[in-house]
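Commentary on secondary and tertiary structure
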Amino acid sequence: MIERIWSGRSPLWVLLLPFSLLYGLVSAMVRLSYRAGLRKVWRAPVPVVVVGNLTAGGNGKTPVVVWLVEQLQQRGVCAGVVSRGYGGKAAHYPLVLDDTTTPAEAGDEPVLIYQRTGAPVAVSAKRADAVQALLASASPQIIITDDGLQHYALARDKEIVVIDGARRFGNGWWLPAGPMRERASRLKTVDAVINNGGEASYCEIAMQLKPGLAVNIRSGEKRPVESLDNVVAMAGIGHPPRFFATLEKCGLKPVKTVSLADHQALREADVQALLREGQTLVMTEKDAVKCRAFAHDDWWYLPVDAALAEPQASQLLQDILALVR
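Residues numbered from 1 in each chain as written. Predicted model: local features only at pLDDT ≥ 70, side-chain atom pairs only at ≥ 80, totals over all residues. Heavy atoms only, no water.

Under an unreviewed UniProt entry, the name given to the protein chain is Tetraacyldisaccharide 4'-kinase, and the source organism is Cronobacter condimenti 1330. Of the comments in the UniProt record for the protein chain, the one headed Sequence similarities (unreviewed entry) reads "Belongs to the LpxK family." (UniProt positions renumbered as here; feature names shortened; annotations may be inferred.)

Next up, the structure:
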């Protein structure tokens, strides 16, 4: 239903317009208060790059963060990552992740980034606190924030916006009548726009999510996902149909697909209840970090990597490396 409202296919969005106008007014006042110096902005002693979006829901930010961190690591740069840690409830904040940190404490995306890249990661609703915790514990040369475009209390040196190339901006209205956190005109003020899975305009960097080999959660075995039989596909991300479409492009036709809420907590009994005897479960990597402690032998995940178009990707990296130098 929410997708129909936000896309404009359902007339119910008109009923929500008063709330959207209020949301837009409050958002504009908050941003103006920081620009006018009425609220304090904290600047880190190292460069800060924000990877965010203008819309609610999954756009592909986390794969971009992973890509950026790995590219910097390959060039000898230590990048730290900060996040709000949505869905996590830690005993204290800021929380610097380690090998024992669970998604229940830090949220699924920070744990995914930490496990995938090995980079220092910290979470806190106050991004400045997370940055200071990383500076004290890991001495990163640059900070990448996963989301936080609208978190103006943290000064940033570059802003990167990721947009869903298929859905783009829906009906163009602020939440809740539409998907927008800020209006599309905000793109004129950012440093780079990455178009995930759509036809990029001349000022956008085209990106595709490239699937790798399916990974068994328990054993770590890898094999082509299309070689798995009798598969149930599960996705608890911002836009589950994207994951199911990826499986079909790989040549896999699941016998059943299950869409879960983004960041939804998972329990062993609930996940196992999705399967019948002899069926194999394939999920996203974000779901896998929540299932690792209780995964069964026939549970797999399909990792995806961001592939950005050249030469724009190289130019973006050079611009970010210049901040470090």
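To continue, consider the UniProt feature "transmembrane region" (unreviewed entry) in the protein chain. Annotation from UniProt places "transmembrane region" (unreviewed entry) at residues 12–34. Segment residues 12–34 splits into 78% helix and 0% strand. End C-alpha atoms: 34 Å apart. (Helix = DSSP H or I, 4+ residues; strand = E, 2+ residues; numbered from the N terminus.)

Most of strand β7 (residues 192–196) sits inside the fold, with five of its five residues counted as buried. Along β7, one buried face is formed by Ala192, Ile194 and Asn196 and the opposite face, lined by Val193 and Asn195, is buried too. Here strand β6 (residues 158–164) runs beside β7; their pairing, made up of five bridges, is parallel. Each bridged residue has a counterpart across the sheet, and for Ile163 the counterpart in β7 is Asn195. Here β7 runs beside strand β8 (residues 205–211); their pairing, made up of three bridges, is parallel. If you follow Asn196 over to β8, its bridge partner there is Met207. (Buried < 20%, exposed > 50% of the residue type's maximum accessible area, 1.4 Å probe, protein only. Pairing = 2+ DSSP bridges.)

Here nine strands make up an open sheet; going across it, the order is β3-β4-β2-β5-β1-β6-β7-β8-β15 and the pairing mixed. Every interior strand has two partners, whereas the edge strands, β3 (95–96) and β15 (304–308), have only one. Here strand β2 (residues 79–83) pairs with strand β4 (residues 121–123) via three bridges, running parallel. Considered in β4, the bridge of Val81 is made with Val121. Taken strand by strand, helix α5 (residues 108–117) contacts β2, β4, β5 (142–146) and β15, and its axis lies near 170° from that of β4. (Contact = heavy atoms within 4.5 Å. Axes fitted to C-alpha atoms, helices over the stretch in contact; angles between N-to-C directions.)

Attention shifts here to the sheet that holds strand β12 (residues 256–259). The strand order β10-β9-β14-β13-β11-β12 describes an open sheet built from six strands, whose pairing is mixed. Unpaired on one side and paired on the other, β10 (222–223) and β12 mark the two borders of the sheet. Both strand β9 (residues 214–216) and β10 contribute to a ladder of two bridges, which runs antiparallel. Within β10, the position partnered with Ala214 by the bridge is Arg223.

Moving on, we come to a nonpolar patch on the surface. Together, Leu22, Leu25, Val26 and Met29 line one region of the surface with nonpolar side chains, adding up to about 390 Å² of accessible area. Position of Val26 relative to the elements: it lies in helix α2 (residues 17–35). What makes Val26 partly exposed here is its relative accessible area of 41%. (Patch = residues over 30% accessible without salt bridge, like charges linked within 9 Å, V, L, I, M, F, W, Y side chains within 5 Å. Areas by Shrake-Rupley, 256 points an atom, 1.4 Å probe, with all protein chains shown as cover. Salt bridge = Lys/Arg side-chain N within 4 Å of Asp/Glu carboxyl O.)

Here the focus is unusual backbone geometry. The step from Tyr93 to Pro94 runs through a cis peptide bond, and the omega angle for that step is 0°. Geometrically, the link from Glu310 to Pro311 is a cis peptide bond, its omega value of 5° lying close to zero. On the secondary structure map, Pro311 appears in the loop between β15 and α10 (312–324). Although it is not a glycine, Arg168 adopts a positive phi angle of roughly 45°.

Close contact between helix α3 (residues 61–74) and α10 brings their axes to 11 Å; oriented N to C, the two are set at 65°. One way to sum up the angle between α3 and α10 is to call them roughly perpendicular. For the crossing formed where α3 meets α10, the hand is right-handed. Counted together, Trp67, Leu68, Gln71 and Leu72 of α3 and Ala313, Leu316, Leu317, Ile320 and Leu321 of α10 form the full contact between these two elements. When its residues are assigned to classes, the contact of α3 with α10 shows eight nonpolar, one polar and no charged. (Parallel < 35°, antiparallel > 145°, perpendicular 65-115°, else oblique. Left-handed = near helix turned anticlockwise from the far one by under 90°. Nonpolar A, V, L, I, M, F, W, Y, C, P; charged D, E, K, R; others polar.)

Let us look at the UniProt feature "binding site: ATP" (unreviewed entry) in the protein chain. As annotated by UniProt and renumbered to match this structure, "binding site: ATP" (unreviewed entry) occupies Thr55, Ala56, Gly57, Gly58, Asn59, Gly60, Lys61 and Thr62. Along the polypeptide, Gly58 turns up in the loop between β1 (48–52) and α3. Taking the relative accessible area as the measure of exposure, Gly58 reaches 16% and is therefore buried. Once residues within four sequence positions are removed from consideration, Gly58 is found in contact with Asp164, Arg167, Gly238, His239 and Arg242.

This brings us to the pattern of salt bridges. Applying the stated rule across the entire model yields 17 salt bridges. Measuring nitrogen to oxygen at the nearest pair gives 3.4 Å for the salt bridge that ties Asp108 to Lys290. With Asp108 in helix α5 and Lys290 in helix α9 (residues 285–291), the pair connects residues that are 182 residues apart, well separated along the chain. For the pair Asp108 and Lys290, a shared accessibility class is recorded, and that class is buried. Here Lys286 makes a salt bridge to Glu109, at a shortest N to O gap of 3.0 Å. Here the residue Lys286 occupies a position in helix α9, and Glu109 occupies one in helix α5, the gap between them amounting to 177 residues. Looking at Lys286, the relative accessible area reads 9%, which means it is buried. Here the salt bridges share partners, and the residues they tie into one network are Arg156, Glu159, Glu182 and Arg186.

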